[in-house]
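Residue-level structural notes
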Protein chains: 2
Amino acid sequence: MRRIAFLLVAFATVAGIVASSARASGHADEAADTIFGIKIPPGYRDWKLISVAHEEGSLNDIRAILGNDRAIKAYREGKLPFPDGAIIARLAWSYVPSEENNKVFGRAQSFVAGSATNVQFMVKDSRKYAATGGWGFAQFKDGKPDGEAKLNTCFPCHVPVKARDFVYTRYAP
Amino acid sequence: MRRIAFLLVAFATVAGIVASSARASGHADEAADTIFGIKIPPGYRDWKLISVAHEEGSLNDIRAILGNDRAIKAYREGKLPFPDGAIIARLAWSYVPSEENNKVFGRAQSFVAGSATNVQFMVKDSRKYAATGGWGFAQFKDGKPDGEAKLNTCFPCHVPVKARDFVYTRYAP
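Calculation criteria
- Residues numbered from 1 in each chain as written.
- Chains lettered and ligands numbered in written order.
- Predicted model: local features only at pLDDT ≥ 70, side-chain atom pairs only at ≥ 80, totals over all residues.
- Helix = DSSP H or I, 4+ residues; strand = E, 2+ residues; numbered from the N terminus.
- Buried ≥ 20, exposed ≤ 12 C-beta atoms within 10 Å, placed from the backbone.
- Contact = placed C-beta atoms within 7 Å.
- Least-squares fit on C-alpha atoms with pLDDT ≥ 70 in both.
- Nonpolar A, V, L, I, M, F, W, Y, C, P; charged D, E, K, R; others polar.
- Pairing = 2+ DSSP bridges.
- Arc of directions from axis to C-beta.

**Describing the overall build of chain A**
Within chain A one finds 5 helices and 6 strands. Out of the 173 residues in chain A, the part that is buried amounts to 35%. Long-range contacts, defined as pairs at least 24 residues apart, comprise 48% of the intrachain contacts of chain A with a sequence gap of at least 6.

Right, here's the structure in full:
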């Protein structure tokens, strides 16, 4: 009897830990996009840096491209195609002139990251996403996934870099 | 006797591991700068992202600001001053238009990271660097530290943001 009680307590403890881990990961309950079924990967903001970029025009953002460990390893070893499980994240922020920095530099030359615009993910799964080069594509704004119409435009734009496994960003040394 | 032989082998093995770890860290033998005595921190390229920026003018670079775990924790908790041991790294690359990207966007709008220009570090040690707000400053180009004349210009430029513990970069959400 005492043994059963102990097991019940142990089970409840483990269940509690699992539940609170799910909450701590932050995105466990968030919606997946409807076409590739991708959710925001927990902890992506902690991933290692692949490179940075700036887009003018209607995007007008400054961006960082991060990778999970599998993606970073493949980049550093120069191995293509990327292995299943590799995920590349593209974070973007509004492109904002920094008056504070400009004052110090003595001229208008400094641009920094403002508020977050959206975050994109490329998720490698060569079987699940065979129809789109082995990659699933997702974009989230304020935690909400973009719909099918938007996501259907991703893969066609990545076809020109098929030779680099459909990935534009190169690793910044 | 066999015991002594075993200990000698064990010692030699450990010494070998330590020596090869030092080599693997890549920067163990590199020079420190002459004014703050800072060496390139091993593994800084793996640190988490604080933010990104672009500088026009003679710098003409695109940059990422990374932090070691102590720096990232302080940023995320909004705690000032930064604790001793916090290190902020500023990596910069030449600012290069991407014809490949522009072709896909249909207009000249895309700028990416080219070759590395230099890397800077701010190292917090409130006692060692008490004369410069608790921060040591270093800049390395191709692994070689910049000299005193250059580094003496660092701190004066950071004084305007004394209220933020002399750190310009804000954490990108």
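After presenting the structure, the write-up continues.
**Some words on the relation of the copies chain A and chain B**
Once chain A has been moved 0.0 Å along the axis and rotated by 180 degrees, it coincides with chain B to within an RMSD of 0.0 Å. One copy is carried onto the other by what is essentially a two-fold rotation axis. Considering only C-alpha atoms, the residue of chain A closest to the rotation axis is Lys48 of chain A, which sits at 3.0 Å. Taken as a fraction of all interface residues of chain A, those also at the interface in chain B reach 100%, which identifies the copy contact as same-surface.

**Things to note about unusual backbone geometry**
Note: most peptide bonds trans; most residues except glycine with negative phi. The amide bond that connects Leu80 of chain A to the next residue, Pro81 of chain A, takes the cis arrangement and shows omega of -5 degrees. Tracing the sequence through the fold places Pro81 of chain A in the loop between α2 (69–77) and β3 (87–97). Positive phi values are uncommon outside glycine, yet Phe166 of chain A reaches one of about 70 degrees. Positionally, Phe166 of chain A belongs in the segment after α5 (154–158). Positioned with a positive phi, Asn60 of chain B is a non-glycine residue whose angle comes to about 45 degrees.

**Observations regarding the interface of chain A and chain B**
Every contact between the two is made by 30 residues of chain A and, on the other side, 30 residues of chain B. Among the secondary structure elements, those contributing two or more residues to the side of chain A that touches chain B are β1 (48–55), β2 (61–67), α3 (99–105) and β4 (110–124) of chain A. Looking at which element gives the most residues to the side of chain A that touches chain B, the answer is β1 of chain A, with 7 residues. Here the residues of the side of chain A that touches chain B sort into 17 nonpolar, 7 polar and 6 charged. Of the pairings in the sheet, the one linking β1 of chain A to strand β4 (residues 110–124) of chain B comprises 3 bridges and is antiparallel in character. Paired with Glu55 of chain A across the strands is Ser110 of chain B, a residue of β4 of chain B.

**Considering helix α2 (residues 69–77) of chain B**
Residues and elements named next belong to chain B. Those residues of α2 lying buried are Ala71, Ile72, Ala74 and Tyr75. Down the axis of α2, the buried side of the element spans an arc of 165 degrees, and every buried residue falls inside it. Exposed and oriented more than 90 degrees from the buried face of α2 are Asp69 and Glu77. Considering only its buried residues, α2 is in contact with β1 (48–55), β2 (61–67) and β3 (87–97). Just beyond α2, the residue with positive phi is Gly78, at close to 65 degrees.

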